[in-house]
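Secondary and tertiary structure notes
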Amino acid sequence: MKDDYQLTDLDRAFYEWQLDVPGFGEAGQAKLRNATALVSRAGGLGGPLAFSLAAAGIGKLVIAHAGDLRHDDLNRQILMRHDGIGKPRVDSLVTTLRSFNPNVEVEAIAENVSDANAAELVAKVDIVFGAAPLFEERFALNRECVRQNKPLIDAAMFSLEGQVISIVPGKTPCLACLYPEVPPHWKRRFPVFGAVSALAANIAAMEGIKLLAGIGEVTLNRMIYFDTATMRFQQIRIQRNPDCAVCQSQPPS
Amino acid sequence: MPQVTFSYTGQLANAAGTPEETLDLAEGALLRAALDDLASRYDGRWREMIFDDGGNVRSTVLIVLDGEQATGDKNAISLDGVRTVMLMTPIAGG
Ligand SMILES: [Zn+2]
C-alpha cells in the first residue's frame with residue numbers, strides 16, 4: 001500500500017465526524033484514502049459493504065459483479081436502482097456510488113470472480129472482501145489472497161444467520177482450513193432478508209476499516225457468528241489446518 | 001449422565017427443524033455415536049449433510065465444542081467434559 005496520501009480540505013469536509021473517533025484521526029483517514037479494496041459481488045452483502053467503505057472514504061473500490069439486474073434482487077441489493085432492471089448490475093452500482101460519494105474511485109467489472117481472473121483482481125488491491133454466493137468464487141479469492149499475502153474478509157449469510165471471518169495469510173486459518181472442499185449441499189438460491197446481509201456486511205466493513213487504519217482489534221482466529229432469530233452473537237475460536245492444501249506452505253507470521 | 005446441548009446452524013438447522021436440543025450421553029461418549037443417534041431422528045437430508053457417502057463425518061462440517069473449533073479426525077472426537085456442540089454447515093449467502 002502507498003503511504004503518501006495527504007488529506008485534502010474536501011476530505012476533511014467529508015469525513016470530519018469520523019476523524020473524531022479515538023485513535024483514527026487524520027492519520028487513519030489517510031490510510032483509508034490510500035487503500036484499494038476488491039469487493040466480490042455487490043449483492044445483498046457486497047452492496048452495503050461497498051456502500052459503507054465508500055462512506056468511510058476508502059480510496060478506491062474494485063467491484064466484480066456479472067449479470068443484469070432483476071426484480072428479485074431488490075429486496076437486498078441496495079446499491080441497485082429500480083430503473084436499472086434488465087441492465088447490467090454494474091451500471092446501477094456505479095451510478096449509486098458515484099452519486100453518493102464522487103470522492104471515491106470505483107472500478108466496476110461486469111464479471112464474477114473465477115480462477116481465470118482472481119489473480120489479476122487481487123493484484124490490484126490492498127484488501128479483499130468476499131461476498132459471493134458460491135463457494136467456488138470464495139475459494140478462488142482465498143487461494144489468491146494466500147498466494148499474494150493479502151488480507152481477505154469473508155462474510156456470508158443464510159436466512160437469519162451470518163458470519164464473518166478475517167483472514168490474514170500466515171496468521172490465521174484461511175477459508176480452505178475451515179472448508180477443505182466445496183460443500184456439496186450449498187445452493188445458489190438461499191433464504192435472505194437484506195437486513196441480515198447488511199448486518200454481516202457492516203461487520204465485515206468494520207473489520208476491514210480497522211485492519212487498514214490500524215485501529216481497534218481485528219477479530220483474528222475467531223469466526224464472528226450471529227443469529228438474528230435470537231440476536232445471539234458469538235465468536236468461535238478457529239484454527240489453521242496444518243495440512244491445508246492452500247495455506248500449508250505459508251509460514252506463520 | 002452428562003447432558004450435552006447440540007445446536008445447528010445454516011441448512012442443517014433447517015433440516016433439523018430446531019436450532020438446538022439436549023441429549024443425555026454416557027460418560028466418554030464419542031461425538032460420532034451421538035451424530036448417528038441424531039441422524040436417526042431426522043430425515044435423510046440431515047444425515048447427508050453430516051455424513052459423506054463413505055459414512056464419515058463430512059470434512060466441510062464445522063464442529064464447535066464449547067465455543068472452539070474441533071480439529072483432527074472428526075470421527076474420533078470425544079465429548080468428555082463437553083457441554084455444547086455446535087454443528088455448522090457452511091454458508092455462502094451474499
Ligand atoms: Zn488454509
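This text goes with the structure placed above it.
Report on the accompanying structure.

Rules and cut-offs
Residues numbered from 1 in each chain as written. Chains lettered and ligands numbered in written order. Predicted model: local features only at pLDDT ≥ 70, side-chain atom pairs only at ≥ 80, totals over all residues. Heavy atoms only, no water. Helix = DSSP H or I, 4+ residues; strand = E, 2+ residues; numbered from the N terminus. Contact = heavy atoms within 4.5 Å. Phe/Tyr/Trp six-rings, centres within 6.5 Å; stacked < 30°, edge-to-face > 60°. Buried < 20%, exposed > 50% of the residue type's maximum accessible area, 1.4 Å probe, protein only. Core = buried A, V, L, I, M, F, W, Y, C linked by side-chain atoms within 4.5 Å.

By the element assignment, Gln-77 of chain A lies in the loop between β2 (60-64) and α4 (89-100). Setting aside residues no more than four positions away along its own chain, Gln-77 of chain A makes contact with Ala-42, Gly-43, Gly-44, His-65, Leu-69 and Arg-89 of chain A.

What follows deals with the packing of aromatic side chains. Residues and elements named next belong to chain A. Inspection of every chain in the model, using the stated rule, returns 11 aromatic pairs over all chains. Aromatic side chains Phe-14 and Tyr-15 sit 5.4 Å apart centroid to centroid with 35° between the ring planes, which places their arrangement in the tilted category. Relative accessible area serves as the criterion here: at 36%, Phe-14 is assigned to the partly exposed category. When its relative accessible area of 1% is taken as the criterion, Tyr-15 is described as buried. Their ring planes at 80° and their centres at 5.8 Å tell us that Phe-135 and Tyr-179 sit as a pair that is edge-to-face. Of this pair, Phe-135 sits in helix α6 (residues 135-147) while Tyr-179 sits in the loop between α7 (175-178) and α8 (194-213), and the two are 44 residues apart along the sequence. A single burial state applies to Phe-135 and to Tyr-179, both of which are buried. Clustering of aromatic rings is evident, with ring pairs tying together Phe-135, Phe-139, Phe-158, Tyr-179, Trp-186 and Phe-190.

Here we take up the nonpolar core. Counting 89 residues, the largest nonpolar core has Leu-53, Leu-61, Ile-63, Leu-93 and Met-223 of chain A as its most contacted members. The greatest single-element share of this core, amounting to 9 residues, is contributed by α8 of chain A. Among all residues touching Ile-63 of chain A, those that are not within four sequence positions of it are Val-39, Ala-42, Ala-50, Leu-93, Leu-97, Val-106, Glu-107, Ala-108 and Ile-109 of chain A. Counting residues in hydrophobic clusters, the runner-up holds 30 residues, among them Ala-13, Ala-15, Val-57 and Val-82 of chain B.

Quick look at unusual backbone geometry now. Residues and elements named next belong to chain A. Although it is not a glycine, Asn-149 adopts a positive phi angle of roughly 55°. If you trace the backbone, Asn-149 turns up in the loop between α6 and β5 (152-158). In this model, Asn-221 sits at a positive phi of 60°, which is unusual for a non-glycine residue.

Limitation: the analysis is restricted to geometry and does not speak to function.
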